Amino acid sequence: MILDVQEILKADGAKIPVKCEIEPSAELLKSDMTFSEVLFSGELENIGGVLELRGDVKGKFTVPCARCMKETEQSFEAEVFETLAKEDAEISDRDAIIPFAGTSVDLGEAVWPSIVLTLDSKYLCQPECKGLCIHCGADLNESPCDCKDDDIDPRLAGLADLLQ
Ligand SMILES: [Zn+2]
Ligand SMILES: [Zn+2]
């Protein structure tokens, strides 16, 4: 969502409440996570010519379980605290700010980094997910399979063959 900040740019201390749905960033659209109902709620304030975005964002996503690949639904909540400044503003620490051009701020661009920080690298459908059998691919949460050598260390697998 693009926000017009022309009004608050005019006066130091001016602020606007912001409540809106955030569209997934292009980068995250390419991942195996599917986001929905991502809502940001907070405010944007002009503090000495830069804009501070404060608030929180929450939403849901589905992602394949890291062990059994079944789609699992997760939710997240993150605090957002970002400083936005005009592209041509004289700011010493440019890494700490999100630049914007003219008088429009892309809220998605400002909010997604906080979401990404709260995400884990792996999600499980349940803490005790048994995963898939590495031999036959059966979903071990549904039923045990007939493979018997699950516990054999792969380095000893050759030896097990010799003994058969
Ligand atoms: Zn699972
Ligand atoms: Zn198996």
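Higher on the page you've got the structure.
Below you will find a few notes about this structure. Keep in mind that what you see is a predicted model, and the values were worked out from it rather than measured.

## A look at the nonpolar core
Line of reasoning, step 1. F40, V57, V105, L107 and V111 are the most contacted members of the largest nonpolar core, which totals 23 residues.
Line of reasoning, step 2. The contacts of F40, once residues within four sequence positions are left out, are V18, C20, I22, G55, V57, V80, L107 and V111.

## Remarks on helix 3 (residues 107–118)
Line of reasoning, step 1. With twelve residues, helix 3 should cover 16 Å at 1.5 Å per step; its first-to-last C-alpha distance of 18 Å lies within 8% of that length.
Line of reasoning, step 2. Along helix 3, the positions that sit buried rather than exposed are L107, G108, A110, V111, W112 and I115.

## A few points about unusual backbone geometry
Glycine aside, a negative phi is what most residues show, and trans is what most peptide bonds show.
Line of reasoning, step 1. The backbone phi angle of E37 is positive, close to 50°, even though this residue is not glycine.
Line of reasoning, step 2. Following the sequence through the fold, E37 ends up in strand 3 (residues 34–47).
Line of reasoning, step 3. Overall, E37 belongs to the exposed group, with 11 C-beta atoms counted inside 10 Å.

## Notes on the sheet that holds strand 2 (residues 15–21)
Line of reasoning, step 1. Pairing is mixed across the open sheet formed by five strands, whose spatial order is 2-3-4-5-6. Two strands in the sheet have a free side with no partner beyond their single neighbour: strand 2 and strand 6 (97–100). Each strand axis lies, on average, 25° off the axis of its neighbour in the sheet, ignoring direction.
Line of reasoning, step 2. As judged from the twelve bridges shared by strand 3 and strand 4 (residues 50–64), these two strands associate in the antiparallel manner. Residue pairing across strands places F35 opposite F61, the latter belonging to strand 4.
Line of reasoning, step 3. Packed onto the sheet, helix 3 meets strand 2, strand 3, strand 4, strand 5 (71–86) and strand 6 and runs at close to 130° relative to strand 5.

## Observations concerning the environment of V105
Line of reasoning, step 1. One can find V105 in strand 7 (residues 104–106).
Line of reasoning, step 2. Overall, V105 belongs to the buried group, with 24 C-beta atoms counted inside 10 Å.
Line of reasoning, step 3. Separated by 99 residues in the primary sequence, V105 and Q6 have C-alpha atoms spaced 9.8 Å apart.
Line of reasoning, step 4. Not counting residues up to four positions away in its chain, the partners in contact with V105 are L3, V5, L51, L84, F100 and A110.

## Digging into the pairing of strand 5
Line of reasoning, step 1. Bridge count for strand 4 against strand 5 is 14 bridges, and the pairing is antiparallel. Bridging from a neighbouring strand, T62 pairs with E73 of strand 5.
Line of reasoning, step 2. A loop of six residues connects strand 4 with strand 5, the two strands running antiparallel in sequence, and M69 in this loop sits at a positive phi of about 70°.
Line of reasoning, step 3. Note: strand 5 against strand 6, four bridges, orientation parallel. By the bridge assignment for strand 6, T83 is matched with I97.

## Focus: the environment of A138
Line of reasoning, step 1. If you trace the backbone, A138 turns up in the loop between helix 3 and helix 4 (157–163).
Line of reasoning, step 2. In this structure, the C-alpha to C-alpha distance between A138 and C68, residues 70 residues apart in sequence, is 9.0 Å.
Line of reasoning, step 3. If we skip the residues at most four places from it in the chain, A138 touches L132, C133 and C145.

Reading guide: rules and limits
- Residues numbered from 1 in each chain as written.
- Chains lettered and ligands numbered in written order.
- Predicted model: local features only at pLDDT ≥ 70, side-chain atom pairs only at ≥ 80, totals over all residues.
- Core = buried A, V, L, I, M, F, W, Y, C linked by C-beta atoms within 7 Å.
- Buried ≥ 20, exposed ≤ 12 C-beta atoms within 10 Å, placed from the backbone.
- Contact = placed C-beta atoms within 7 Å.
- Helix = DSSP H or I, 4+ residues; strand = E, 2+ residues; numbered from the N terminus.
- Expected span 1.5 Å × (residues − 1).
- Pairing = 2+ DSSP bridges.
- Axes fitted to C-alpha atoms, helices over the stretch in contact; angles between N-to-C directions.

Everything listed is a geometric property; what it means functionally is a separate question.
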